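# Inside the fold
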Amino acid sequence: DAGVTQSPTHLIKTRGQHVTLRCSPISGHKSVSWYQQVLGQGPQFIFQYYEKEERGRGNFPDRFSARQFPNYSSELNVNALLLGDSALYLCASRGAETQYFGPGTRLLVL
Amino acid sequence: GQQVMQIPQYQHVQEGEDFTTYCNSSTTLSNIQWYKQRPGGHPVFLIQLVKSGEVKKQKRLTFQFGEAKKNSSLHITATQTTDVGTYFCAGRLGGGSQGNLIFGKGTKLSVKP
């Protein structure tokens, strides 16, 4: 079985631009969460979606938005990028007890 | 806001020595999870603790959840070079299994052969 997949793996953007990150959960998993991990820090919770509905939101500005599709894949959108948005963006797919992280998208904002 | 504090930030050990990382929350947790992240990699789930005072073992790794469900520890016996990485605790606040996960800053373990 495939694990959690994310695309793209790396991305370079400039300030003010918009970015869309994509995630496909493990087959059968209906819950997807997004995290931001800045270098040297632990992952910070951004959003959780379950059955296409938002179930949780972390302390991030409205520039961050997400959605989940009928096939349970998900997109994270970030508008008006700032230098401080440079980070590893992780998607996690959740089973009964275990949360499985994807390889992440490394975003660099110049 | 709610925080999960983790210490130490770094730990350098000689291969064969033991290692412990500690996690403390300002509020009661519904459960706590532990992850390992290798350099350049993504966090990999190790274990989840739910019950007050729970102790779980995985080979050389021992995980504990405090009686008050506010602290936890991970102990590795006789470290090996394959144990290198950053260990994160992540506490789930309220809502049973549905609350948000709050990660600590991690303990970076290096092992000298």
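Structure: above.
In this text, all values refer to a predicted model and were calculated from it rather than measured experimentally. (Residues numbered from 1 in each chain as written. Chains lettered and ligands numbered in written order. Predicted model: local features only at pLDDT ≥ 70, side-chain atom pairs only at ≥ 80, totals over all residues. Heavy atoms only, no water.)

Scanning chain B from N- to C-terminus turns up zero helices and 11 strands. Listing the helices and strands of chain B from first to last along the sequence gives β-β-β-β-β-β-β-β-β-β-β. Principal axes of the C-alpha set define a box for chain B whose edges measure 45 × 25 × 20 Å. The proportion of buried residues among the 113 residues of chain B is 47%. Long-range pairs, those at least 24 residues apart, make up 54% of the contacts in chain B between residues at least 6 apart in sequence. With the model as given, the accessible surface of chain B reaches about 5600 Å², and the carbon-plus-sulfur share is 52%. (Helix = DSSP H or I, 4+ residues; strand = E, 2+ residues; numbered from the N terminus. Buried < 20%, exposed > 50% of the residue type's maximum accessible area, 1.4 Å probe, protein only. Contact = heavy atoms within 4.5 Å. Areas by Shrake-Rupley, 256 points an atom, 1.4 Å probe, with all protein chains shown as cover.)

This part covers the overall build of chain A. Broken down by element type, chain A carries zero helices and 11 strands. Going from the N terminus to the C terminus, chain A shows its helices and strands as β-β-β-β-β-β-β-β-β-β-β. Radius of gyration (C-alpha) of chain A: 13 Å, near the 13 Å computed for a compact globule of 110 residues. Dimensions of chain A, computed from the C-alpha atoms along their principal axes, are close to 40 × 25 × 25 Å. (Rg over C-alpha atoms; globule rule 2.2 N^0.38 Å.)

Another point: the interface of chain B and chain A. With 18 residues of chain B at the contact, the number on the chain A side is 21 residues. Approximately 1500 Å² of surface area, both sides summed, lies buried where chain B meets chain A, with 45% of it carried by carbon and sulfur atoms. When residues of chain B are sorted by the area they lose upon contact with chain A, B:H42, B:N100 and B:F103 head the list and together hold 28% of the total. Here chain B is connected to chain A by zero salt bridges. (Buried area = accessible area lost by both parts, 1.4 Å probe. Salt bridge = Lys/Arg side-chain N within 4 Å of Asp/Glu carboxyl O.)

Take the sheet that holds strand 8 (residues 71-76) of chain B next. All names here are of chain B. If you walk across this open sheet you meet the five strands as 1-3-8-7-6, and the pairing is antiparallel. In the strand order of this sheet, the two ends are held by strand 1 (4-7) and strand 6 (55-58), each with one partner. With direction set aside, neighbouring strand axes in the sheet form an average angle of 15°. Where strand 6 lies against strand 7 (residues 61-65), four bridges are found, and the strand directions are antiparallel. Opposite K57, over in strand 7, you have T62 as the bridge partner. (Pairing = 2+ DSSP bridges. Axes fitted to C-alpha atoms, helices over the stretch in contact; angles between N-to-C directions.)

Position of B:S73 relative to the elements: it lies in strand 8. Apart from residues lying up to four places away in sequence, B:S73 is in contact with B:T20, B:T21, B:Y22, B:W34, B:T62, B:F63 and B:Q64.

On to a nonpolar patch on the surface, then. On the surface, A:I12, A:L108 and A:L110 cluster together to form a nonpolar patch covering roughly 300 Å² of accessible area. Its location among the elements puts A:L110 in the segment after strand 11 (105-109). (Patch = residues over 30% accessible without salt bridge, like charges linked within 9 Å, V, L, I, M, F, W, Y side chains within 5 Å.)

Residues and elements named next belong to chain A. Summarising the element assignment, K30 is placed in the loop between strand 3 (19-24) and strand 4 (31-37). Overall, K30 belongs to the partly exposed group, its relative accessible area being 33%. Each C-alpha atom of the pair K30 and F60 lies 23 Å from the other, and the pair is 30 residues apart in sequence. Within the structure, the side chain of K30 is placed 3.4 Å from the side chain of E51, a separation counted as a polar contact. (Polar contact = N/O pair within 3.5 Å; in protein donor to acceptor, adjacent residues only side chain to side chain.)

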